[in-house]
Amino acid sequence: MTQHQRLLIIDFGSQVTQLIARRLRELNVYCEIHPFQKVTEQTIRDMAPRAVILSGGPASVTEDGSPRAPQALFDMGLPIFGICYGQQVMMTQLGGRVESGHHAEFGRAYVTPAEGHRTDGIFAGLFETGREEVWMSHGDRVTALAPGFEVIGTSPNAPYAMIADEARRFYAVQFHPEVHHTPNGRRMLENFLRIAGFTGDWTMASYRDDAIAKIRAQVGDKRVICGLSGGVDSSVAAVLIHEAIGDQLTCVFVDHGLLRQGEAEEVVTMFRDNYNIPLIHADESELFLSELDGVSDPETKRKTIGRLFIDVFQKYANQIDGAEFLAQGTLYPDVIESVSFSGGPSVTIKSHHNVGGLPEKMGLKLVEPLRELFKDEVRALGRELGLPDSFIGRHPFPGPGLAIRCPGEITREKLDILRKADAVYIDQIRKHGLYDDIWQAFVAILPVKTVGVMGDGRTYDYACALRAVTSVDGMTADYYPFTHEFLGETATRIINEVKGINRVTYDITSKPPGTIEWE
């Protein structure tokens with residue numbers, strides 16, 4: 001692999017640690033995330049980073065056995081930036097003090113400059129309006145600085161919200177500069193990279209080259225089968241792997257009966273007409289739908305679908321001589337919501353059908369070239385690989401398909417109704433020129449029937465919910481602000497054109513506290 005300038009992120013378990021990496025990639029810097037328990041002095045020396053960032057995390061440094069950085073790190077002469085829990089770790093290990101029991105801060109806060117604060121270093125260019133809007137998420141707080149540090153900025157519940165030891169190039173903040181809710185967070189990271197001497201030598205083109213080299217090294221002369229859903233993720237993975245190993249790849253498109261209207265035909269046509277990649281169309285809808293019949297628990301749905309996917313891939317892998325690897329389009333948001341990115345202490349949100357490895361009985365090893373990327377990075381990689389923008393810009397579609405847009409029991413009747421409603425909704429969005437403004441849009445059919453009136457007759461049909469969100473990376477999202485005219489027109493079309501629905505609602509929940517999908 002190309003020896004890029006490197007930055008080490010020590011992960012203490014924050015749900016947004018990977019956003020630090022994402023921001024650095026935007027600035028063309030190569031970085032690696034390592035969980036704190038796997039980072040030793042030798043790890044750092046072997047990696048030879050130019051700088052280190054200490055992430056946030058859910059623990060309290062005041063508790064016995066709470067996570068720490070290697071003490072030797074602070075004597076290596078490297079620039080270090082501590083974020084939230086990372087700040088508290090720095091203060092605890094360098095002679096400051098952190099206490100619990102003070103007022104916590106969660107969400108938007110404002111940091112004002114300390115009297116006589118420095119205006120250079122990592123905080124150069126800040127406080128142009130007299131204060132900085134930031135995003136806080138902490139219970140503990142620093143109550144005494146370690147020797148050599150000075151306070152740069154304060155907030156009502158964090159008297160040492162920004163601190164610096166310029167002599168050692170140590171910096172720390174109590175808030176999260178990596179999230180979009182800290183408007184000048186990017187500037188802080190840019191300043192830190194400049195201080196550390198980064199020149200920005202990592203690009204998506206170099207990621208492509210490195211990924212191809214890794215795939216070739218991992219696979220050798222063996223064969224790979226790729227689980228192709230027809231979505232952006234698995235398709236980019238397939239094209240990338242094909243570029244790496246050519247005809248050693250066979251794609252298996254599993255039609256599990258949970259696809260959108262006309263999608264199976266569209267996927268098969270697109271790949272067979274546009275890419276010289278062997279493709280097996282596996283219509284296994286009866287298997288999946290029979291196994292899901294009567295299942296209502298969302299975790300059971302996901303795990304059932306995951307198990308059946310493995311069974312199906314095993315079946316077709318046995319037909320491909322020399323197949324030793326299974327390729328998947330797993331992305332980082334899938335990983336972080338299921339388990340910690342690198343085995344660290346992040347909290348599990350929900351299971352994902354394609355995360356967590358393969359059972360030993362399958363006898364296949366995983367190839368997941370997109371596992372460390374966010375959706376927008378996958379799209380950038382797709383453009384680098386020459387995929388058309390019209391395809392790359394498609395809204396995300398989950399591996400479990402319509403199963404997780406059908407809360408409650410899954411039936412063929414409900415799936416048919418859902419497909420038709422979803423088709424009308426997406427048609428409306430396209431007609432109004434809104435498709436590219438929205439990250440993801442879909443209909444969920446609700447597990448409830450409501451009384452309605454159509455003409456002079458009483459109806460008793462399903463209610464549905466429209467969902468549309470804006471997002472940059474899928475980790476956070478806001479609902480799309482449709483006009484009432486659009487919603488009214490769409491509801492009228494769905495009720496008139498889709499037999500089985502008599503009530504339409506619009507979901508205005510953000511992520512968090514909700515997720516983008518309903519299950």
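Everything quoted here is computed from the prediction, not taken from an experiment. (Residues numbered from 1 in each chain as written. Predicted model: local features only at pLDDT ≥ 70, side-chain atom pairs only at ≥ 80, totals over all residues. Heavy atoms only, no water.)

### Quick look at unusual backbone geometry
Item 1. Residue proline 512 follows lysine 511 across a cis peptide bond; omega there is -15°.
Item 2. Within the element layout of this structure, proline 512 appears in the segment after strand 20 (501-506).
Item 3. The amide bond that connects proline 512 to the next residue, proline 513, takes the cis arrangement and shows omega of 15°.
Item 4. Looking at the element boundaries, proline 513 is found in the segment after strand 20.
Item 5. Positive phi is not limited to glycine here, since phenylalanine 127 has a value of about 65°.
Item 6. Position of phenylalanine 127 among the secondary structure elements: in the loop between strand 6 (105-113) and strand 7 (132-138). (Helix = DSSP H or I, 4+ residues; strand = E, 2+ residues; numbered from the N terminus.)

### Some words on empty space enclosed by the protein
The gaps left among the atoms become clear once a water-sized probe is rolled over them.
Item 1. Per the stated rule, a full pass over the model turns up one cavity of 30 Å³ or more.
Item 2. Empty space within the largest cavity amounts to approximately 60 Å³.
Item 3. Looking at the largest cavity, the residues that line it are Ser229, Val254, His256, Leu259, Phe309, Phe397, Pro398 and Gly399.
Item 4. Of the residues assigned to the lining of the largest cavity, the class counts are five nonpolar, three polar and no charged. (1 Å grid on protein atoms, 1.4 Å probe; cavity = no way out; pocket = protein on both sides within 12 Å on 5 of 7 lines; lining within 4 Å. Points joined across faces, edges and corners; volume = space filled by probe spheres on them. Nonpolar A, V, L, I, M, F, W, Y, C, P; charged D, E, K, R; others polar.)

### Remarks on the sheet that holds strand 12 (residues 223-228)
Item 1. The sheet built from five strands is open, its strands ordered 14-13-12-15-16 with parallel pairing. A strand with exactly one partner marks an edge of an open sheet, and here the two such strands are strand 14 (279-283) and strand 16 (365-367). Taken over all neighbouring pairs, the strand axes of this sheet differ in orientation by 30° on average, direction set aside.
Item 2. Two elements, strand 12 and strand 15 (residues 323-327), share four bridges in a ladder whose sense is parallel. (Pairing = 2+ DSSP bridges. Axes fitted to C-alpha atoms, helices over the stretch in contact; angles between N-to-C directions.)

### Examining the packing of helix 6 (residues 232-245) against helix 11 (residues 375-384)
Item 1. Contact pair helix 6 / helix 11: the axes reach a minimum separation of 10 Å and the direction vectors enclose 40°. Considering the angle they form, helix 6 stands oblique to helix 11. For helix 6 against helix 11, the interelement crossing comes out left-handed. Residue-level inspection shows Val232, Asp233, Val236 and Leu240 of helix 6 in contact with helix 11, the latter providing Lys375, Val378, Arg379, Leu381 and Gly382.
Item 2. Of the residues assigned to the contact of helix 6 with helix 11, the class counts are five nonpolar, one polar and three charged. (Parallel < 35°, antiparallel > 145°, perpendicular 65-115°, else oblique. Left-handed = near helix turned anticlockwise from the far one by under 90°. Contact = heavy atoms within 4.5 Å.)

### Thoughts on the nonpolar core
Item 1. Counting 94 residues, the largest nonpolar core has Ile225, Leu370, Leu381, Tyr425, Ile429 and Phe482 as its most contacted members.
Item 2. When residues in this core are grouped by element, the largest group, nine residues, is from helix 6.
Item 3. Excluding residues that lie within four positions of it along the chain, isoleucine 429 makes contacts with Leu434, Tyr435, Ile438, Ala441, Phe482 and Phe486.
Item 4. Ranked by size, the runner-up nonpolar core spans 37 residues in total, among them Phe81, Ile83, Leu126 and Met162. (Core = buried A, V, L, I, M, F, W, Y, C linked by side-chain atoms within 4.5 Å. Buried < 20%, exposed > 50% of the residue type's maximum accessible area, 1.4 Å probe, protein only.)

### Let's talk about helix 6
Item 1. End to end, helix 6 covers 20 Å across 14 residues, agreeing with the expected 20 Å (1.5 Å per residue, within 8%).
Item 2. Among the 14 residues that make up helix 6, twelve are buried, leaving the element largely enclosed by the rest of the structure.
Item 3. Considered for burial, the residues of helix 6 that qualify are Val232, Asp233, Ser234, Ser235, Val236, Ala237, Ala238, Val239, Leu240, Ile241, Ala244 and Ile245.
Item 4. Immediately downstream of helix 6, the backbone of glycine 246 shows phi near 60°, a positive value. (Expected span 1.5 Å × (residues − 1).)

### A closer look at the packing of aromatic side chains
Item 1. In the structure shown here, the tally under the stated rule is 13 aromatic pairs.
Item 2. Their ring planes at 50° and their centres at 6.4 Å tell us that tyrosine 30 and tryptophan 202 sit as a pair that is tilted. Within this pair, whereas tyrosine 30 is found in strand 2 (residues 30-35), its partner tryptophan 202 is found in the loop between helix 4 (185-196) and helix 5 (204-219), the two being separated by 172 residues in sequence.
Item 3. On the accessibility criterion, tryptophan 202 (4% relative accessible area) is buried.
Item 4. Centre to centre, the rings of phenylalanine 482 and phenylalanine 486 are 4.3 Å apart; their planes meet at 15°, and the pair counts as stacked.
Item 5. Among the aromatic side chains, those forming a connected cluster through ring pairs are Tyr425, Tyr479, Tyr480, Phe482, Phe486 and Tyr506. (Phe/Tyr/Trp six-rings, centres within 6.5 Å; stacked < 30°, edge-to-face > 60°.)

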